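Structural description and commentary
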Amino acid sequence: MEAKAKVTNVRIAPRKVQIVLDLIRNQPADKAMAILKHTPKAACEVLEKLLKSAMSNAETNHNMDPNRLYVAECYACPGPILKRIRPRAQGRAFRINKRTSHITLVLKEME
């Protein structure tokens, strides 16, 4: 049995999200929440909300015990890239890629 939560088109680059996901992978859900609360990264805010959602899904939809949940899988895939232009010298234009992420979090119950 597994509970899943997903957020799409988050305006943060996947490699920045991946750093935080590596910290919480295979951790108990309550410990993962504590890690997210005390890590000073931009991705933590989004991931904290996502983890709460996954825990709520586990409890309400799958009747899982919230005390025995752990982060089984978590990954960030690249979403659509917002392309912007920065004017440069002599009429040139440099592209700025504003990257987005699709983040998925899967919780399972410990045996």
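You'll find the structure just up there.
What comes next is a walk through the structure.

About the cut-offs
- Residues numbered from 1 in each chain as written.
- Predicted model: local features only at pLDDT ≥ 70, side-chain atom pairs only at ≥ 80, totals over all residues.
- Heavy atoms only, no water.
- Helix = DSSP H or I, 4+ residues; strand = E, 2+ residues; numbered from the N terminus.
- Rg over C-alpha atoms; globule rule 2.2 N^0.38 Å.
- Buried < 20%, exposed > 50% of the residue type's maximum accessible area, 1.4 Å probe, protein only.
- Axes fitted to C-alpha atoms, helices over the stretch in contact; angles between N-to-C directions.
- Parallel < 35°, antiparallel > 145°, perpendicular 65-115°, else oblique.
- Left-handed = near helix turned anticlockwise from the far one by under 90°.
- Contact = heavy atoms within 4.5 Å.
- Nonpolar A, V, L, I, M, F, W, Y, C, P; charged D, E, K, R; others polar.
- Expected span 1.5 Å × (residues − 1).
- Pairing = 2+ DSSP bridges.

This paragraph deals with the overall build of the protein. Check the secondary structure of the protein and you find 3 helices and 5 strands. Its C-alpha atoms give the protein a radius of gyration of 17 Å, more than 25% over the compact-globule value 13 Å for 111 residues. Taken along the three principal axes of its C-alpha coordinates, the protein extends 65 × 25 × 15 Å. Looking at the protein as a whole, 35% of its 111 residues qualify as buried.

Before going further, it helps to examine the packing of helix α1 (residues 14–24) against helix α2 (residues 29–37). The geometry of α1 relative to α2 is characterised by a closest axis approach of 9 Å and an angle of 140 degrees between their N-to-C directions. With respect to each other, α1 and α2 are oriented oblique. By crossing handedness, the relation of α1 to α2 is classed as right-handed. For the pair formed by α1 and α2, the contact residues are Val-20, Leu-23 and Ile-24 on the first element and Ala-32, Ile-35 and Leu-36 on the second. Here the contact of α1 with α2 is composed, by residue class, of 6 nonpolar, no polar and no charged.

Counting through the fold element by element, Ala-32 comes out in helix α2. In the structure, Ala-32 is positioned 39 residues away from Val-71 in sequence and 7.7 Å away in space, judged by C-alpha atoms. Those residues in contact with Ala-32, other than ones at most four positions away along the chain, are Ile-24, Gln-27, Leu-51 and Val-71.

Another point: helix α3 (residues 43–62). Compared with an ideal rise of 1.5 Å per residue, which puts 20 residues at 28 Å, α3 spans 27 Å between its outermost C-alpha atoms and is within 8% of the ideal. Taken together, the buried positions of α3 are occupied by Ala-43, Cys-44, Leu-47, Glu-48, Leu-50, Leu-51, Ala-54, Met-55 and Ala-58. Packing partners of the buried residues in α3 comprise β1 (2–10), α1, α2, β2 (69–78) and β5 (101–109). Looking one or two places after α3, you find Asn-63, whose phi comes out positive at around 50 degrees.

Turning our attention to the sheet that holds β1. If you walk across this open sheet you meet the 3 strands as β1-β5-β2, and the pairing is antiparallel. Single-partner strands in this sheet number two, and they are β1 and β2. Here the average twist between neighbouring strands, direction ignored, is 15 degrees. Where β1 meets β5, 7 bridges bridge the pair, whose relative direction is antiparallel. The residue bridging Ala-5 from the neighbouring strand is Leu-105, located in β5.

Looking at chain direction, strand β3 (residues 82–87) and strand β4 (residues 93–98) are connected through 6 bridges and run antiparallel. Of the residues in β4, the one forming a bridge with Arg-86 is Phe-94. The turn linking β3 back onto β4 is made up of 5 residues, and Gln-90 within it adopts a positive phi angle of 55 degrees.

Here the focus is the packing of α2 against α3. Relative placement of two packed helices is described by the angle separating their axes and the distance separating the axes. Interhelical geometry of α2 versus α3 gives an angle of 160 degrees and a closest axis separation of 9 Å. It follows that α2 is roughly antiparallel to α3 by the angle criterion. Read as a crossing pair, α2 and α3 show a hand that is left-handed. Of the residues in α3, those in contact with Ala-29, Ala-32, Met-33, Leu-36 and Lys-37 of α2 are Cys-44, Leu-47, Glu-48, Leu-51, Lys-52 and Met-55. Here the contact of α2 with α3 is built from residues that sort into 8 nonpolar, no polar and 3 charged.

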